[in-house]
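Residues per chain, in single letters:
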Amino acid sequence: MTARLAFDRVACLRGDRLLFEGLSFALGAGDAALLTGPNGAGKSSLMRLAAGLLVPSAGKIDLHGRIAHAGEAPALDMRLPLARALGFWAGIDGSEEGAVRGALERMGIANLAEVPVHMLSTGQRKRATLARILASRAEIWLLDEPGNGLDTASLGRLTEAMAVHRAGGGIVLLATHQPLDLPDALPIVLGKTTP
Amino acid sequence: MKGWLAIVLRDVRTAYRGGGALLPLVFFLLVATLFPFAVGPDGTLLAKVGGGALWMAALLAALLPIDRLIAPDAEQGVLDQFAVRGFSDEAIAAAKILAHWLGFGPPLLLAALPAAALLRLDGATLLRLELGLAIGTPALAALGVMTSALILGLRGAGALAGLLMLPLAVPLLIFGAGALGPDGMGALKLLGAAALLLTALAPFAAGAALRAARE
């Protein structure tokens, strides 16, 4: 089964505020979308819609494949050493042996494997979140501001990870304010109509 | 199912590692220690009211960890990650209830032994107390998780938690304390019925609250 993520005239209502409506796009294996827009335009809400955490007010979301969602919080046990915190999710995702190790190495934080998560810096936690995504076997990556707090070398690692994932038939939906290299990405601009 | 068990195991580990499982226990024993000071060293009187006092202590001890049952996971985005992986909110609530009971029920049953000695309960009463607590603590854990889910996202909701949970726990207290007497078998059955009802309903109530909190 190939991965697929499609929005069909989706509207998002938060409280009594309409964030967007009539949003349609379709992503297939190897595709990517770059989500931009001012703060509060609904980027994170769109991510949560795609992840199934919110229900669209109108329209349909068609989804084939497993999802990995990287939001604001790392969702890692603060007291545990990083490798074990990641290992919990890898266990639930049924990732193969060594997936965590590989993910840590790819994000350049293998030396932090035994460090408790609460001791990590902001950027290191962001990289740990990305390692969680890498270690999952999900086809669809939903990355909400993954580049925040990352240094240049780490941004390079992120770009490379996304490229490898797409080459393997994965989908990337990326929301960012930073210029990240995502070739041939479908641009989705939110909040154009709001003043 | 394997993933669900992993979630239960994680929560049990968190409870024992963080020392969270110890707090209700210490509280329970503290009440059992303080009670004779307040009532006086009259052995007969203590034996008469001690069982009821221990039920009160168990109820209040169940209230203590409520703010740490679900809120940290919600803030950390862990609950979102469970939802993304296709776990239903009810399944997560049920896992939390089982894990909370494992971190709270057995230690409490153990602590009831020295507590009963402090209050001069006789062997037969102690047996009925242990039996009642074994039946009642799953319901207390279920109520705790449900309350914890209901107050999710509210600031300073500790007092509200008590107001929400304690009235629902009244049947447990009545039948639990009622079962302590020599002719307590009827009350014990009613305790079982009340505990079963609360434990069975709580995952659905808590699941709905978790879903509402995500919106």
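Placed above this text is the structure.
Conventions used here
Residues numbered from 1 in each chain as written. Chains lettered and ligands numbered in written order. Predicted model: local features only at pLDDT ≥ 70, side-chain atom pairs only at ≥ 80, totals over all residues. Pairing = 2+ DSSP bridges. Helix = DSSP H or I, 4+ residues; strand = E, 2+ residues; numbered from the N terminus. Axes fitted to C-alpha atoms, helices over the stretch in contact; angles between N-to-C directions. Contact = placed C-beta atoms within 7 Å. Core = buried A, V, L, I, M, F, W, Y, C linked by C-beta atoms within 7 Å. Buried ≥ 20, exposed ≤ 12 C-beta atoms within 10 Å, placed from the backbone.

1. Observations concerning the sheet that holds strand β4 (residues 58-64) of chain A
Strands in a sheet are paired, the pairing made by backbone hydrogen bonds, and the direction either parallel or antiparallel.
Residues and elements named next belong to chain A.
Okay, so step 1: Spatial ordering of the open sheet is given by β2-β1-β4, a layout of three strands whose pairing is antiparallel. A single partner strand is all that each edge strand has here, and the edge strands are β2 (17-28) and β4. Shown here is a sheet whose adjacent strand axes are inclined to one another by a mean of 20°, direction ignored.
Okay, so step 2: Packing of helix α1 (residues 43-50) onto the sheet brings it into contact with β1 (4-14), β2 and β4, and relative to β1 it is tilted by some 125°.

2. Quick notes on the nonpolar core
Okay, so step 1: The biggest cluster of nonpolar side chains holds 129 residues, and the ones touching the most others in it are Leu86, Leu142 and Leu173 of chain A together with Val145 of chain B.
Okay, so step 2: Those residues in contact with Leu86 of chain A, other than ones at most four positions away along the chain, are Leu76, Val100, Ala103, Ala131, Arg132 and Ala135 of chain A.

3. Brief notes about the sheet that holds strand β3 (residues 32-36) of chain A
Residues and elements named next belong to chain A.
Okay, so step 1: The strand order across the open sheet built from five strands is β5-β6-β7-β3-β8, with neighbouring strands paired in parallel fashion. Each edge of the open sheet is held by one strand with a lone partner, namely β5 (67-70) and β8 (186-189). Going from strand to strand, the sheet's axes swing by 15° on average, the running direction of each strand aside.
Okay, so step 2: Two strands pair when backbone bridges link them, and β3 and β8 are joined in this way by four bridges, in the parallel orientation. Note that in β8 the partner of Leu34 across the bridge is Pro187.

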